[in-house]
Structures are given as C-alpha cells and as structure tokens.
Amino acid sequence: MKLSSIDLIIIAAYFILMIAIGFIMKNRAKKSKDNYLMGGKKLPWYMLGLSDASDMFDISGTMLLVSMAFLYGFKSVWIPWMWPVFNQVFLMVFLSKWLRRSNATTGAEWLGTRFGLSDKGVRQSHAIVVVFALMLCIGYMAYAFVGVGEFLEIFIPYESVKEVFPFLDKHLETLTIGTPDYETALYAAKNTTAQFYGVSICIVATFYSIIGGMHGIVLADFIKYMIMIFCSICVGVIAMTHLSNSGIVILDRLPLGWDNPLFGKELGLNWDEILVDAQVKLQKDGYKLFSAIVSMMFFSGVLKSLAGPAPNYDCQKILSTKSPEEASKMSGFISIILLPIRYFMTMGLCILGVLYFKDLDLHHTADGVNFESIMPAVINKYLPVGLVGLVLAGFLGAFMSNFSGTLNAGQAYIVNDIYLKYIKPEAERKQIINVGYLSGALMVMLGVGLGLLIKDVNMIFNIITAGLYGGFVCANVLKWYWWRFNANGYFYGMLAGIIASAIPPALSVCGITNYFDGTRMLYFFPVFIVIQLIACIIGSYTAPPTNQETLVNFYTTVRPWGFWKPIHDIAKVENPNIQRNKNFGINMLNIGLGIAGQILLTLLPMYFIISHWTPFGIVLALLVIIVLIMRNTWWKRLADY
C-alpha cells in the first residue's frame, strides 16, 4: 500500500467537503421540488455542462479506456461509439433544444407533451418509460459501484485491512499458501474487500446527493472537475517525462499500427510476439473484424442518438437549463471540456503502463491479466505522494458524481412520475422531499445489489450499451419524427425492445452462457430493431392517432423536422405564418462536423503525450477549421429550430 499520511489527509478532506456541501445546500434544495430535482432551472449552462462532463469522467469508464488504449492504441478512439459518445453531437445540434422546449421535469413527464394525457396507451407508455429509466439508473449505479471497488482494492488491499475488518476473512489461515484452495479463497477475499469498499463509498455519495439535491450535485461536480483537470495535466506531464528520460522508442514495445487510428477490414494488431495475454484479450473481445464492428457501432449509435437522451442524468440536466438555446450550448460544451482532459490522463496512464508493464502488480482473471487494473496499478506505483491523494480524491469524486447524478435522475422519476402522479398528487413540499430521500435509499440498495452480481466493468458496460439501450431505440426515434406514432405504439415498442434486448445480458449475468459476451451483442442489434419496429407499427395502427390538439401543440412548440406534413397543414390553418423546419440539411452537416471534431479532440492529447508533432499539427489544424465552420453553421443559428 503506497498511500501516505498526506494522501490519506487529502482524501479525508475531500470526503468531509462533500458531506459539508450536502448540509450547505440542504436548505436551498428544500425550497421546492424543482429546486431539489433541477436546481430551480436557474443554473448556468456551462456549470451544468461541466457537471454532466464530471458525471461521465468516472472510474469504471476511465479504467476501461486505459485498458482499451493499451490494447488497441489509437484505434481505441472508435470503440466509445458503442456508447455512443457522439450522441452529444446530436443533442448539441438540435435534440437538446427540442427536449428543453417541453419544460418538463423528467423524460416520462415529457411524454405528456407528445402523446397527451388521456389517449389509449398513455398510462402504459408512461409506466414503461419509468420502468426503463429506473432500470437504466440502477444499471449505471451498478457500473459505477463495480469500478470503484476494483479501484480501491489495489490501493488498500485485503492484506492491509483483514485485521481491522475480520468479516472479510475467508479462513485463509486454515489453508496452505500456494494451493488451489488458498488461491480461490484469496481471490474471494479480495473480491469481498472490493465490494465492501464500493458499499462504503456509495454511502457517502448517497448522503450528499440525497440531502443537497441538484444544487449540491453541481457544486460538488465543479470542485471535483477542477481537481481532475489539474490531475490530468500532472499525469500527462509525468508520462511524457518518463518517456523522454527512458530513451525508449515507445512504438518498439507495441504492435505495428498501434499509433494509427485508421484501420482496414480487420483490426490489424498482433500482440503474439509481444504479450500473449493481450492477444488472448483481443480475441475474447471480438474486435478482429474491426470495420464490421465499427460500422455496426456507427449504425446503432446513430439510431440511439436520433432517439434523444436516455432518461438518466444527461436528460435531467438538459431539462434543468434556463432555455432551449442554453440546453444546446450545454451539450456542446460537454465534449470540449471532457474529451481532451480525460484522454490526456488516459494516454498518460497508458504510456506509463506500456513502459513499466512488467513491474506492475496487476490483477489476474481465469483468462490471464486483467488489463482494467493497469490504471490503478500505475497510479499506485508511479505517481508522487500528494498527487496520488489528489488523483484518488478526484476519481472517488468522479465515482460519486456519476453515482449521485444517476441517483438524482432515479429520484426524479420515483417522486414525479410515481408518487405525485399515482399515489399523492396533492402532497406537500415536506412530504415530497421525504419521499425523495426514501426513493434515493431504495435506488442505492437496488444499484449496489446488482453490482454485487456483476463480474467486471466490461460486462456491465455491454449490458447497458447493447442491452438496455438496445430496447430504447426504435420507439424513441419514431416519437420525434413521425406524426402517426402514438402512445400505444410507444408502449408496445418499448416493451418488445426491453424484453428482447434484456434476455441475452441476463443470461450472461446469471452465468447460463457467455455466448453474448464481448461484442457479440452488437450483431443482434438489427434483430432488436426489427422486433421493436414491428411492435411500434402494430401498436400504433391498433389505436387511433394521438389527439389532434396535442399533436398541433407539440409540433408548434417543439418544431421538429420529419414526417409531420398533415399536422403542419392543420397548424397552418390556425397560424398562417408558421413555417416548416427546413434545418434537416444544416443539422446533418453539423452532426458530421461535430462527430469529426470529437474524434480530433480525442486524438489531440494522444499525439501530444507521445510527442508525435506532425500528426498533432494536422489534427489541430483540422479542428480549427471545423470550429470556424461550426461558428457560422451552428453557434450563430442557435435560435433556429
């Protein structure tokens, strides 16, 4: 264990500060439901954007990114398309504005602006989106929980705390060191210790997020992100210094093509002669036919992005902005503030991992090295005293940001879309706040419970991206762009999608089969889409169209483009001056530029860290060109539809 007294003091001070924020913001949060859940819709867009970016700069995701950068090199910049990371571009260009114009509190409440409150299927559609939102929030909380436990166990290993916490012991003293039974028991003890750490940190995160509401979350996120910016710069500089002082040509230790983001039909990276465990991991991940995988990620990612934000913390912060224009600014700011900072740290940790791989104390699984443990192992061994404490405080804060933002979104659905809608619509302010507290505790128990069943970070990553998001897509695409789509179609499309896409990951979690592990779930995405589309169409045509007044009000308020001609014609009778949204072309141009800009923002710090100045200059020049174009095609047109 490397943690010095200085590191421990820094971490303790950070936790005390987070708890203090909860108390400081308690009275402001209790003023009203909107103050508690949405900061009163008075927070500036750049603070909400920074807070959202802070939620995304999490331990689990960064461990995964470092391992991917190590294994896949510069080609790893395409893998986050599975999430998809470029959904922020779609939000920035037009969807955040459309969503914010509803003036709703949650994604489920937003459905009332699209489908009304009394048509066939409305209650069911509301219920299904609440169920989906809660499933997604619980999945994200489990994802965060798994990562934080694995992370902390490296810094405070089981051996250091077994005397303090005897319940972590697996009776190792009764077994012979080196025997299979001893190794199995030791692995179980370390796993239990990681879970214990996860539960402990969750309790702190739960406290300040439940007590302080959105105001507390945003302030805590701001403080944490300032720490992470400082830490990222320090880690990157340390990596560059080590690389320069070593005299090693880093590419000599890596497969041919590792530093090239471009690819052909296959991945084209061969670790066989360098690190056999890495080659085994690549085969297990299933990225060999890389062009096919990236194409499928792009196809699924575009559909997921067109569906709008999933009902989680991202959606909640868009709805918390002051205006539709500020919602767009917030979504655009996220990529700018997140990607360069996060990848400066990611690449720094990756390069240190490459330089000192043989000296790292890495965890192992049945398949060999656990590459997700590179990040904590590097931090533990190669960062100086004090910086280790700051990095740990920042990453624990990152965990709490992700966890608390997700928790806040889950609370909003339980309070607004279950308690106030079905149980006690006339509830007083104090009762609403108390239900918020109770719902937060329930969400934490469910999220941690799922986290205890998950094998590793990559498993929950695939469950969320391929499973839960797979069931979300079709119904949520159609709701924006097709006037005839109604609440009945939405309900049946979501129901079919959730059932179809949840079965494969459920089989993996339960240990029934590992067939759907890795990237295999991607190949089933078109099947999920077809199932959902059939259910959406049948559901829509077995019920009357949505109430005409509701459709006209939605069309004239949100101003979407798409298949809305019949509603446009009706609206034009009432308002002859209304114009059709003709921004589809310029929106698609901005999306293409924005996605390219995201890739360039990711590559910029990666080339900088390894001092490849020619490609760095090319990337920077291309990025400047994109910024100048989008200044005219996007920024100056924010008030457009």
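Reading the values: rules and limits
Residues numbered from 1 in each chain as written. Predicted model: local features only at pLDDT ≥ 70, side-chain atom pairs only at ≥ 80, totals over all residues. Heavy atoms only, no water. Helix = DSSP H or I, 4+ residues; strand = E, 2+ residues; numbered from the N terminus. Buried < 20%, exposed > 50% of the residue type's maximum accessible area, 1.4 Å probe, protein only. Contact = heavy atoms within 4.5 Å. Areas by Shrake-Rupley, 256 points an atom, 1.4 Å probe, with all protein chains shown as cover. Axes fitted to C-alpha atoms, helices over the stretch in contact; angles between N-to-C directions. Parallel < 35°, antiparallel > 145°, perpendicular 65-115°, else oblique. Left-handed = near helix turned anticlockwise from the far one by under 90°. Nonpolar A, V, L, I, M, F, W, Y, C, P; charged D, E, K, R; others polar. 1 Å grid on protein atoms, 1.4 Å probe; cavity = no way out; pocket = protein on both sides within 12 Å on 5 of 7 lines; lining within 4 Å. Points joined across faces, edges and corners; volume = space filled by probe spheres on them. Salt bridge = Lys/Arg side-chain N within 4 Å of Asp/Glu carboxyl O. Phe/Tyr/Trp six-rings, centres within 6.5 Å; stacked < 30°, edge-to-face > 60°. Lys NZ or Arg CZ within 6 Å of the ring centre and 35° of its normal. Patch = residues over 30% accessible without salt bridge, like charges linked within 9 Å, V, L, I, M, F, W, Y side chains within 5 Å. Expected span 1.5 Å × (residues − 1). Core = buried A, V, L, I, M, F, W, Y, C linked by side-chain atoms within 4.5 Å.

Structural notes on the overall build of the chain
Point 1. Scanning the chain from terminus to terminus reveals 25 helices and two strands.
Point 2. In the chain, which comprises 641 residues, the proportion classed as buried is 61%.
Point 3. Intrachain contacts of the chain at a sequence separation of at least 6 include 83% that bridge at least 24 residues.
Point 4. When the accessible area of the chain is evaluated, it comes to approximately 24,600 Å², of which 65% is carbon and sulfur surface.

Overview of the packing of helix H3 (residues 45-56) against helix H13 (residues 324-355)
Point 1. Taken N-terminus to C-terminus, the directions of H3 and H13 make an angle of 45°; their axes are 8 Å apart at the nearest point. Relative to H13, the element H3 is oriented oblique. Note on packing geometry: the crossing formed by H3 with H13 is right-handed. Between H3, through Trp 45, Tyr 46, Leu 48, Gly 49, Leu 50, Asp 52, Ala 53 and Met 56, and H13, the contact on the second element is made entirely by Glu 326, Lys 329, Met 330, Phe 333, Ile 334, Ile 337, Leu 338 and Arg 342.
Point 2. Looking at the contact of H3 with H13, its residues break down into 11 nonpolar, one polar and four charged.

Here we look at the packing of helix H4 (residues 59-72) against helix H14 (residues 374-382)
A pair of packed helices can be characterised by two numbers: the angle between their axes and the separation between those axes.
Point 1. At their nearest, the axes of H4 and H14 sit 8 Å apart, and the two run at 95° to each other. By the angle between their axes, H4 is roughly perpendicular relative to H14. Note on element contacts: H14 touches H4 through Ile 374, Met 375 and Pro 376, opposite Ile 59, Thr 62, Met 63, Val 66 and Phe 70.
Point 2. When its residues are assigned to classes, the contact of H4 with H14 shows seven nonpolar, one polar and no charged.

Digging into the layout of surface pockets
Point 1. Its boundaries defined by the atoms lining it, the second largest pocket holds a volume of some 440 Å³.
Point 2. Taken together, 22 residues make up the lining of the second largest pocket; nearest its centre are Met 92, Ile 336, Val 627, Met 630 and Trp 634.
Point 3. Contributions of two or more residues to the lining of the second largest pocket are made by helix H5 (87-100), H13, helix H24 (584-609) and helix H25 (613-633).
Point 4. In terms of residue count, H13 provides more of the lining of the second largest pocket than any other element does, six residues in total.
Point 5. Partitioned by chemical class, the residues of the lining of the second largest pocket number 13 nonpolar, seven polar and two charged.

Structural notes on the pattern of salt bridges
Point 1. Under the definition given, this model contains four salt bridges.
Point 2. Note that Lys 565 and Asp 569 form a salt bridge whose closest N and O atoms lie 3.0 Å from each other. With a gap of four residues between them, Lys 565 and Asp 569 both fall in helix H23 (residues 565-574), about one helical turn apart.
Point 3. Judged by relative accessible area, Asp 569 falls into the partly exposed class, the value being 37%.

Regarding the environment of Thr 193
Point 1. Assignment of secondary structure puts Thr 193 in helix H9 (residues 180-246).
Point 2. Setting aside residues no more than four positions away along its own chain, Thr 193 makes contact with Glu 153, Ile 156, Tyr 158, Val 161 and Leu 168.

Topic: the environment of Tyr 343
Point 1. Among the structural elements, Tyr 343 can be located in helix H13.
Point 2. Considering only alpha carbons, one finds Tyr 343 and Leu 65, 278 residues apart in sequence, at a separation of 8.5 Å.
Point 3. In this structure, Tyr 343 is in contact with Leu 65, Pro 80, Thr 602, Pro 605 and Met 606, ignoring residues within four places of it in sequence.

Some points on the packing of aromatic side chains
Ring pairs (aromatic) are described by centroid distance and by the angle formed between their planes.
Point 1. A complete count under the given rule lists 39 aromatic pairs for this structure.
Point 2. Judged by centre distance (5.8 Å) and plane angle (75°), the rings of Phe 74 and Trp 258 are edge-to-face. Of this pair, Phe 74 sits in the loop between H4 and H5 while Trp 258 sits in the loop between H9 and helix H10 (276-285), and the two are 184 residues apart along the sequence. In terms of burial, Phe 74 and Trp 258 fall into one category: buried.
Point 3. Look at Trp 634 and Trp 635: their rings are 5.8 Å apart centre to centre, the planes differ by 65°, and that puts the pair in the edge-to-face class.
Point 4. The partly exposed category is assigned to Trp 635, whose relative accessible area is 40%.
Point 5. Feature note: the residues Trp 78, Trp 81, Phe 86, Phe 90, Phe 263, Phe 290 and Phe 298 constitute an aromatic cluster, connected by ring pairs.
Point 6. Above the ring of Phe 554, the side-chain terminus of Arg 114 is found at 5.6 Å from the ring centroid.

So, the side chain of Ser 373
Point 1. With respect to the helices and strands, the residue Ser 373 is situated in the loop between strand E2 (368-369) and H14.
Point 2. Classification of Ser 373 by relative accessible area gives buried; the value is 3%.

As for a nonpolar patch on the surface
Point 1. A cluster of nonpolar side chains, contributed by Tyr 492, Leu 495, Ile 499 and Ile 503, occupies part of the molecular surface with about 350 Å² of accessible area.
Point 2. Relative to the helices and strands, Ile 503 resides in helix H19 (residues 487-509).

Observations regarding unusual backbone geometry
Point 1. Here Trp 83 and Pro 84 are connected by a cis peptide whose omega angle stands at 0°.
Point 2. Mapped onto the fold, Pro 84 is located in the loop between H4 and H5.
Point 3. The phi angle at Arg 559 is positive, at roughly 60°, despite the residue not being glycine.
Point 4. Inspection of the secondary structure puts Arg 559 in the loop between helix H22 (548-558) and H23.
Point 5. Notably, Ser 611 is not glycine yet its phi reads approximately 60°, a positive angle.

Some details on helix H11 (residues 290-306)
Point 1. If you check H11, its first and last C-alpha atoms are 24 Å apart, about what 17 residues at 1.5 Å a residue would give, namely 24 Å.
Point 2. Turning to H11, its buried residues are Phe 290, Ile 293, Val 294, Met 296, Met 297, Ser 300, Gly 301, Leu 303, Lys 304, Ser 305 and Leu 306.
Point 3. A positive phi of about 90° marks Gly 308, the residue just after H11.

Quick notes on the nonpolar core
Point 1. Judged by nonpolar contacts, the single largest core of 204 residues is most densely connected at Phe 70, Phe 94, Ile 351, Ile 379, Phe 395 and Phe 399.
Point 2. The element best represented in this core is H9, accounting for 20 residues.
Point 3. Apart from the residues within four sequence positions on either side, Phe 70 is in contact with Trp 258, Trp 271, Leu 275, Cys 350, Gly 353, Val 354, Phe 357, Phe 371 and Ile 374.
Point 4. Val 415, Leu 420, Ala 427 and Ile 432 belong to the second-largest nonpolar core, a separate cluster that totals six residues.

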